[in-house]
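Commentary on secondary and tertiary structure
Below are the chains, spelled out letter by letter.
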Amino acid sequence: MRQVMRVVRHVLLTAVLLPGAAIGQVEPFSEVTETTLGGMSEGWVAFGDVGFLFNLLVSLVLATVLSAIIGFHPRTYGNFGSPTQLDKPKSYVIFGVVGAIIGTLVLKYGPIVGLVVFGIGGLLRFRTNFGSPAQTGMAILVTLIGLCCGLNLPHVAVLTTVFGFVLIYVLESRRVYSVSIKGLAAETLPEAAQAYRKVLADTGCLILGEQKNFTKQVITIVFRSGKGGGRETMQEHFATRIPPQLRGSLDWTSG
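Reference entry: report on the structure contained in this document. Being a predicted model, the structure only gives us computed values, none of them experimental.

**Considering the overall build of the chain**
Scanning the chain from N- to C-terminus turns up nine helices and six strands. Counting across all 255 residues of the chain, residues that qualify as buried make up 36%. Carbon and sulfur atoms make up 63% of the accessible area of the chain, which amounts to about 14,900 Å² in all.

Next comes the structure, spelled out in structure tokens:
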């Protein structure tokens, strides 16, 4: 009976100590302070760990650059397509940054954090409709920020938030739009296309593709917006700068 009780106590002790050892490599009965866990500084005092914050920032920047190189590959980007397809590289960049954050947390905290993150990511991806991969990536990003807050890692959460804010601001500063001009006369189709292209070029937009359908009398132009504004601004320019005989009804699609 005593041997059974010893085994039970041993199992219970192992069950209690194993999670701590897996996460922080904590020795049994060793003192765990509030400021360290698994070698990572915790709490607000961790903002003084300049070396770690610098390394994290370098990792985020490197992940952004390398992801952008793959996402904006000349063989796959720039071909005529829908705005959603042309905006996919933004998703690749966001997921690259998410991967860098997960790697940092796993390196410091162990694989348990990685399993939790991937479980949350799978739930968000398959059980929630965010409308686009980029929005799904942002949802996972803010989930990681919340996870860092719960793990008492405010320095990681704050740096990730600032970097994510700047990254999204840059990525979304110039959106991809597709505008279909309908109701045009077949004989004025080339002249109308030239007029719309000129307005887009004059306002700093980058034309990514164009299609003319003489049978349906429709022009479709895919472009990246300029610094002057987005869809509403361009509609005003079209209404005031396109001659009445070359105007058509507009059908917009955005990425």
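**Observations concerning the pattern of salt bridges**
Pairing is possible between side chains of opposite charge, provided their charged atoms come close. Inspection of every chain in the model, using the stated rule, returns seven salt bridges. With a shortest N-O distance of 2.9 Å, K198 and D202 are connected by a salt bridge. Placement of both K198 and D202 in helix α8 (residues 189-202) is noted, with a separation of four residues, approximately one turn of the helix. D202 sits in the partly exposed class, given a relative accessible area of 43%. Where R241 meets D202, a salt bridge forms, and the shortest distance between an N and an O atom there is 3.2 Å. In this pair, R241 sits in helix α9 (residues 231-241) while D202 sits in helix α8, placing the two residues 39 residues apart along the sequence. Given the relative accessible area of 39%, R241 is considered partly exposed. Overlapping salt bridges, with partners in common, bring together K90, E172 and R175 in one network.

**Here's the deal with the sheet that holds strand β4 (residues 206-213)**
In spatial order, the strands read β4-β5-β3-β6; together these four strands make up an open sheet with antiparallel pairing. Either end of the sheet is taken by a strand with one partner, and the two such strands are β4 and β6 (249-254). Averaged over all neighbouring strand pairs, the angle between strand axes comes to 15 degrees, with direction disregarded. As paired strands, strand β3 (residues 176-182) and strand β5 (residues 218-224) are joined by six bridges and run antiparallel to one another. Bridge pairing in β5 links I181 to I219. Against the sheet, α8 makes contact with β3, β4, β5 and β6, and its axis sits at roughly 165 degrees relative to β4, the strand it touches most.

**What about α8?**
The terminal C-alpha atoms of α8, which comprises 14 residues, lie 20 Å apart, in line with the 20 Å expected from a rise of 1.5 Å per residue. Listing the buried residues of α8 in full gives L189, A192, A193, A195, Y196, V199 and L200. Buried residues along α8 cover an arc of 160 degrees about the axis, so they all sit on one side. Residues of α8 that are exposed and angled more than 90 degrees away from the buried face: Q194 and K198. Residues of α8 that are buried in the fold lie against β3, β4, β5, α9 and β6. Looking one or two residues beyond α8, the residue adopting positive phi is G204, at roughly 85 degrees.

Scoring rules and cut-offs
- Residues numbered from 1 in each chain as written.
- Predicted model: local features only at pLDDT ≥ 70, side-chain atom pairs only at ≥ 80, totals over all residues.
- Heavy atoms only, no water.
- Helix = DSSP H or I, 4+ residues; strand = E, 2+ residues; numbered from the N terminus.
- Buried < 20%, exposed > 50% of the residue type's maximum accessible area, 1.4 Å probe, protein only.
- Areas by Shrake-Rupley, 256 points an atom, 1.4 Å probe, with all protein chains shown as cover.
- Salt bridge = Lys/Arg side-chain N within 4 Å of Asp/Glu carboxyl O.
- Pairing = 2+ DSSP bridges.
- Axes fitted to C-alpha atoms, helices over the stretch in contact; angles between N-to-C directions.
- Contact = heavy atoms within 4.5 Å.
- Expected span 1.5 Å × (residues − 1).
- Arc of directions from axis to C-beta.

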